[in-house]
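# Secondary and tertiary structure notes
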Amino acid sequence: MQNNLVIVESPAKAKTIEKFLGKDYKVMSSYGHIRDLKPKEFSVDVEHGYMPEYVIPTDKRKLVADLKKAAGEAKSILLASDEDREGEAIAWHLSETLELDKKNAKRIVFHEITKNAILNALETPRDIDINLVNAQQARRVLDRIVGFEVSPILWRKVKPALSAGRVQSVAVKLLVEREREIQQFSSDAFFRVTANFILPDGETILKAELNRRLKDEAEAQALLEKCTSSHFAIEDITKKPVKKMPSPPFTTSTLQQEAARKLGFSVSQTMMVAQHLYESGYITYMRTDSVNLSNLALGAAKQSITATYGENYYKFRKYQTKSKGAQEAHEAIRPTNMDAQQISGSVADKRLYDLIYKRTIACQMADAELEQTNITITADNLQEKFVATGEVIKFDGFLHVYIESTDDETDKEQENGLLPAVNVNDKLTTREIIATERFTQRPPRYTEASLVRRLEELGIGRPSTYAPTIQTIQNREYVFRGDKPGEERIYSILTLKKGNITAEQKKDVVGVDRNKLLPTDIGIVVNDFLEEYFPDIMDYNFTANVEKEFDSIAEGELNWTAALDKFYKLFHPAVTAASAVKTEHKVGERQIGKDPKTGEPVYVKIGRYGPIAQIGDSKSNKGVKPRFASLLKGQSIETITLEEALKLFELPRVVGEYEGEEVSAGIGRYGPFIKHTSQYISIPKTLNPLTINLEESIKLIEDKRNKEEKRNIKVFANEGIEVLNGRYGAYIKYANKNYRIPKNTVPEELTVEECKKIIETTVEKPAGTGRFRRAAKKK
């Protein structure tokens, strides 16, 4: 029997730790929190100090019993959950639920899962930090209060099944504000002038740009006309040394941003992969505000750099955490073994580890040394000057290993490369001068990574909340990650060549967005409602100050129930006031005009299944029932016109006839569709139900038939058994449950008896995970 019980929160972490401990230690997992607030009840006693009412979920009761039994048999219990507020709360819940004696139950913490770190933690146990626990409780209870008191109002005023959250609502607000900035943005045109000059050798080209923008085509034309008789010469050459410094090692937010830019990872994917790397012992704890590196890590980085690149590539740097709300006492995210340039694991594991390794090494490397050259070119009859800029790397330093990416979407036409050798007063010949019309750029839409950066800048949220917040607002369909088509724009180009000026127009597509966060109509309406009735919880500074109060609670400087009481006394009256407001129309509903045929008003609003248009009013004296039509994908109740809304009422429309049956197009709860006989076929987003023709419809019908034929491998109708092709391969379907077909079995050759045997075997011993195992367990 083991004398010591170690409890961690994940089985993967348990497996790694077990390798470092002897036979006297038993490691078990709590699988996260073992108790929480009741899922469908308020569970906060406001009248008695905001005390939370915790409950053990049904699916955790057997686990709790097993943990309690193991704890009763052990001489000492070590609670080894993560070293942050959430981990501290898990340890406290374990201690309370398992009724552990403080004499033989201690807390151990470590920020990396290595043998040295674990053994060091065993030598320095401590008591549970109740201040950290209370900070987590305060966040949990406050978020429950906001969710449970505001959500029912949204159900009545906007749409059933909506929810509100303190941090998520502010995140949606950022996206809505940016979308409106973009809608209201008016682009201004200007002309950018570039020139190709020929040096005295008659061959070498020097590229330069005019030192100011021209406001319109007339000004550009006038400048080029002057240039037809200009004599150009080099007026000045300046060279100056430039140094570039490496970025600090990764925090949670900077890792999320860089993984998105360099690897294309979503925020949640980055955290999932980082969690696996941490639990496997490859990196330090991945939820951190800190840019600090331990002395051990600094020494290992020095040894690695000098051995691999030489002494001149090393430079000692000690980074200080600037984030005011930094709650984590541990390090930046770094490899646990600086000698391990590569690891074993999945492709995603390897890619993220490589990013972390290179960033950590680079932060202890020498500055990159560059030489920047500016060449100024003048003309005898111009006030303006042309400037050529070049940059040469003299010593690459940290750039040898790592270059940080940016989210900058500005025009990057000018490349600062190597410039040809020139002298002051060199006479230049004009090869060509081009004036190109350009336009000021609208504000960029947020990516997941840039939203994290903005939340961090505003002091909203913490390392543990960024990924869940962004995932939640997408799950609740307030926001979606998607694409926006650009707009075609015509621009002018004036070219001076061989003394002649020519003009031409070209087309360009601008404003194309890929993988950006876009607010939905529901998200916009909910945001506007919360802004009107709950201005405090939607205020950026207020939300950031709440985070600071959590930090003060964690430091033991503020009583957690006092902080909640202060919030509730400000918040609850706003809930009461919002509940009492009676409106004739639903929140977000607006009239966009009148139907020319009936004279009835036309509205757009949020319906039960999403944004809709409505002709007529339920209170109309004419006794006519209102008519409804769903908006198409890409349409918004904020921007749809009366003409576009009226077109929706042409649906469903008859497209034609196929195989003696009518083919019609319409929009339903799940989007646009084609109907033929009794079958409904989804219309892809590349086609429009208002314009789809018969030929396109027939193709969709036939494609679905072919897909269905390929899906059905075998059908034993009398037995109710089907052998089907699925996303993950062939499987058996019986009594609305799915059963995996064993390897080396040819699905096409299965008999009904063999199918029955597979079903029976799967029931006795569930195969695999996911939907197959769940089906088997239910059976």
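Since the structure is predicted, the reported quantities are computational estimates derived from the model, not experimental observations. All residue numbers here refer to positions counted from 1 along the written sequence of the relevant chain. Reporting of local features is limited, given that this is a predicted model, to residues whose pLDDT is at least 70; pairs of side-chain atoms are given and counted only at 80 or more, and all residues count toward the totals for whole chains, interfaces and linings. Side-chain measures here rest on the full set of heavy atoms in the structure, leaving out hydrogens and waters.

Here a helix means four or more residues in a row that DSSP labels H or I, a strand means two or more in a row labelled E, and each is numbered from the N terminus. Helix and strand counts for the protein chain come out as 20 helices and 30 strands. With the C-alpha coordinates of the protein chain rotated into their principal frame, the extents come out at 95 × 80 × 70 Å. Think of it in three bands: with a 1.4 Å probe and only protein chains considered, a residue is buried below 20% of the maximum accessible area for its type, exposed above 50%, and partly exposed in between. Counting only residues that meet the buried cut, the protein chain has 47% of its 779 residues in that class. By the convention used here, residues are in contact when the closest approach between their heavy atoms is within 4.5 Å. Pairs at least 24 residues apart make up 70% of the contacts formed inside the protein chain by residues separated by at least 6 positions. Each accessible area is a Shrake-Rupley estimate made with a 1.4 Å probe; only the visible protein chains count as cover when residues are assessed. Surface summary for the protein chain: the accessible area is close to 40,500 Å², and the carbon and sulfur share equals 48%. The positive charge centre, built from 117 side chains, and the negative charge centre, built from 113, are 4 Å apart in the protein chain. The charge count treats Lys and Arg as positive and Asp and Glu as negative. His and the chain ends do not count. Charge positions are represented by NZ for Lys, CZ for Arg, CG for Asp and CD for Glu.

Further remarks concern a negative patch on the surface. A contiguous patch of negative charge on the surface is contributed by Glu-748, Glu-749, Glu-753 and Glu-754. The topology assignment puts Glu-749 in the loop between strand E30 (737–740) and helix H19 (752–764). Candidate patch residues must exceed 30% relative accessible area and have no salt bridge, after which like charges are joined if within 9 Å and Val, Leu, Ile, Met, Phe, Trp or Tyr side chains if within 5 Å. One side-chain nitrogen of Lys or Arg within 4 Å of one carboxyl oxygen of Asp or Glu is enough to make a salt bridge.

Our focus in this paragraph is the nonpolar core. Where a protein is soluble and globular, its nonpolar side chains tend to be buried together. Residues Phe-110, Leu-154, Leu-352 and Phe-534 are the most contacted members of the largest nonpolar core, which totals 129 residues. Per-element tally for this core: the top contributor is helix H5 (residues 130–157), with ten residues. Only buried residues count toward a nonpolar core. Its members are Ala, Val, Leu, Ile, Met, Phe, Trp, Tyr and Cys residues joined through side-chain atoms within 4.5 Å. Formed by 27 residues, the second largest nonpolar core is a distinct cluster that contains Leu-206, Leu-224, Cys-227 and Leu-496.

Strands in a sheet are paired, the pairing made by backbone hydrogen bonds, and the direction either parallel or antiparallel. In this description, strands pair whenever DSSP reports at least two bridges between them. Taking strand neighbours across the sheet as the criterion, the four strands line up as E19-E20-E21-E22 in an open arrangement whose pairing is antiparallel. Of all strands in the sheet, those bounded by a partner on one side alone are strand E19 (590–594) and strand E22 (627–630). This sheet shows a mean twist of 30° between the axes of neighbouring strands, independent of strand direction. Relative to strand E20 (residues 601–607), E19 is paired through four bridges, and the arrangement is antiparallel. What sits directly across from Gln-591, in E20, is Tyr-603. Interaxial angle, 0 to 180 degrees, is taken between N-to-C directions of lines fitted to C-alpha atoms, where a helix line uses only the stretch in contact.

Note the cis peptide between Leu-651 and Pro-652, where omega equals -5°. One can find Pro-652 in the loop between helix H17 (642–648) and strand E23 (653–658). For Tyr-50, which is not glycine, the phi dihedral falls at a positive 60°. Along the chain, Tyr-50 turns up in the loop between strand E4 (44–45) and strand E5 (51–52). With a relative accessible area of 4%, Tyr-50 lands in the buried category. Look at Thr-677: it is not a glycine, yet its phi comes out positive at around 55°. When you line up the elements, Thr-677 lands in the loop between strand E25 (671–676) and strand E26 (679–682).

Counted by the stated rule, this structure contains 47 salt bridges. The partner of Arg-627 in a salt bridge is Asp-595, with the nearest N and O atoms 3.8 Å apart. Here Arg-627, found in strand E22, pairs with Asp-595, found in the loop between E19 and E20; they are 32 residues apart in sequence, far enough to count as distant. On the basis of relative accessibility, which here comes to 41%, the residue Arg-627 falls in the partly exposed class. The residue Asp-703 makes a salt bridge to Lys-699 at a minimum N-O spacing of 3.0 Å. Here Asp-703 and its partner Lys-699 are both found in helix H18 (residues 694–711), four residues apart, which amounts to about one turn of the helix. Exposure remark for Asp-703: the relative accessible area of 36% places this residue in the partly exposed category.

Relative to the helices and strands, Ser-95 resides in helix H3 (residues 85–97). The contact partners of Ser-95, leaving out residues within four places of it in the chain, are Leu-79, Leu-100 and Ile-128.

The next point concerns the environment of Thr-576. In this structure, Thr-576 sits in helix H16 (residues 560–580). On a C-alpha basis, the gap between Thr-576 and Ile-153 in space is 9.8 Å, while along the polypeptide they are 423 residues apart.

Let's shift gears to the packing of H5 against helix H15 (residues 540–554). At a minimum axis distance of 7 Å, the contact between H5 and H15 shows a crossing angle of 150°. As summarised for this structure, H5 and H15 are arranged roughly antiparallel, according to the angle between their axes. Two secondary-structure elements touch here, H5 through Asn-131, Leu-132, Asn-134, Ala-135, Ala-138, Arg-139 and Leu-142 and H15 through Val-546, Glu-547, Phe-550, Ile-553 and Ala-554. Residues that form the contact of H5 with H15 fall into these classes: eight nonpolar, two polar and two charged. Just so you know how the angles are binned, under 35 degrees is roughly parallel, over 145 roughly antiparallel, 65 to 115 roughly perpendicular, and the rest oblique. Here the term charged refers only to Asp, Glu, Lys and Arg, the term nonpolar to Ala, Val, Leu, Ile, Met, Phe, Trp, Tyr, Cys and Pro, and the term polar to all other amino acids, Gly among them.

A pair of aromatic rings is counted whenever rings of Phe, Tyr or Trp (Trp by its six-membered ring) have centres within 6.5 Å, and the orientation is called stacked for planes under 30 degrees apart, edge-to-face for over 60 and tilted otherwise. Counted under the stated rule, the structure contains 16 aromatic pairs. Between Tyr-353 and Tyr-357, the ring centres sit 6.3 Å apart and the planes meet at 25°, which makes this aromatic pair stacked. Here Tyr-353 pairs with Tyr-357, and both are found in helix H11 (residues 347–362), just four residues apart, close to one helical turn. Both residues of the pair, Tyr-353 and Tyr-357, count as buried.

Turning our attention to the pairing of strand E14 (residues 427–439). Relative to E14, strand E9 (residues 189–198) runs antiparallel, the two sharing ten bridges. Considered in E14, the bridge of Thr-194 is made with Ile-434. Both E14 and strand E16 (residues 487–497) contribute to a ladder of four bridges, which runs antiparallel. Looking at E16, one finds that Ile-433 is bridged to Leu-496.

Scored by pLDDT, the protein chain comes out at a mean of 91, with 94% of its residues at no less than 70. Confidence over residues 410–414 falls short of pLDDT 50; this stretch has nine contacts with residues more than four positions distant or in other chains. As a per-residue measure, pLDDT reflects the predictor's confidence and takes values from 0 up to 100. Below pLDDT 50 for its whole length, residues 764–779 participates in 24 contacts with residues either more than four positions away or in separate chains.

Moving on: helix H1 (residues 11–18). For H1, the set of buried residues is Lys-13, Ala-14, Thr-16 and Ile-17. The buried side chains of H1 occupy one side of the element, clustering within an arc of 165° when seen end-on. The secondary structure elements touched by the buried residues of H1 are strand E1 (4–8), strand E2 (25–29), helix H4 (115–123) and helix H9 (267–279). What the arc covers is the set of directions going from the helix axis to the C-beta atoms.

Read across the sheet, four strands follow the order E2-E1-E7-E8 without closing on themselves; strand pairing throughout is parallel. At either margin of the open sheet sits one strand with a lone partner, and together these are E2 and strand E8 (105–107). The mean angle between the axes of side-by-side strands here comes to 25°, regardless of whether they run parallel or antiparallel. In terms of strand pairing, strand E7 (residues 76–79) meets E8 through three bridges, oriented parallel. Across the sheet, Leu-78 pairs through a bridge with Lys-106, a residue of E8.

A few words now on the pairing of E2. In this sheet, E2 lies alongside E1 in parallel orientation, the contact comprising five bridges. Bridging across to E2, Val-6 finds its partner in Val-27. Convention used here: a crossover is right-handed provided that the path from the first strand, over the helix, to the second strand proceeds clockwise when the strands point away from the viewer. Taking the sense of rotation as the criterion, the β-α-β connection linking E1, H1 and E2 turns out right-handed.

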